[in-house]
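Below, each chain spelled out in residue letters.
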Amino acid sequence: MAETDTALGYEQARDELIEVVRKLEAGGTSLEDSLALWERGEELAKVCRHWLEGARARLDSALAARDGEAESGRE
C-alpha cells in the first residue's frame, strides 16, 4: 500500500473505489487507462480491507474483554 493511501480514511477510499468501478463499467477508456483504473481500484480495495480488518480486531478485542469480565464475575 502506498504511504499516501494509508492516510485515506475508509469512507474516502470507498467513495473513490466506487468512482473507479463506475468509470470501468461505463467503458470508453483506453486499455492503458483501464489498467491504471484497475490498479488504483486494487490499491483502494486494500485500504478498505485494512480499515475493516482493524475494525474487526477492535470489535473482537472489545467482545473478548467483555466476555472475560463476565467470566470473572461468575466465579
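Being a predicted model, the structure only gives us computed values, none of them experimental. (Residues numbered from 1 in each chain as written. Predicted model: local features only at pLDDT ≥ 70, side-chain atom pairs only at ≥ 80, totals over all residues. Heavy atoms only, no water.)

Let us now look at the overall build of the protein. When helices and strands are counted, the protein shows 3 helices and 0 strands. Counting from the amino terminus, helix and strand elements in the protein follow one another as α-α-α. Across the 75 residues in the protein, those meeting the buried criterion constitute 13%. When contacts within the protein are restricted to residue pairs at least 6 apart in sequence, those whose partners lie at least 24 apart make up 74%. As presented, the protein carries roughly 5,800 Å² of accessible surface, and 54% of it is formed by carbon and sulfur atoms. (Helix = DSSP H or I, 4+ residues; strand = E, 2+ residues; numbered from the N terminus. Buried < 20%, exposed > 50% of the residue type's maximum accessible area, 1.4 Å probe, protein only. Contact = heavy atoms within 4.5 Å. Areas by Shrake-Rupley, 256 points an atom, 1.4 Å probe, with all protein chains shown as cover.)

Right, let's talk about the confidence of the model for the protein for a bit. For the protein, per-residue confidence averages 91 on the pLDDT scale, and 89% of positions sit at 70 or higher. Per-element confidence in the protein ranges from a low mean pLDDT of 60 for helix α1 (residues 3-6) to a high of 98 for helix α2 (residues 10-26). (pLDDT = per-residue confidence, 0-100.)

Here we come to the pattern of salt bridges. Between side chains of opposite charge, a pair can form as their charged atoms come close. One pass over the structure, following the stated rule, counts 6 salt bridges. Between E43 and K46 there is a salt bridge whose closest N-O contact spans 3.5 Å. Residue E43 and its partner K46 are both found in helix α3 (residues 31-74); the two are separated by 3 residues, about one turn of the helix. Across the pair R66 and D67 runs a salt bridge whose closest N-O atoms are separated by 3.4 Å. Accessibility expressed as a relative area gives 39% for D67, which makes it partly exposed. (Salt bridge = Lys/Arg side-chain N within 4 Å of Asp/Glu carboxyl O.)

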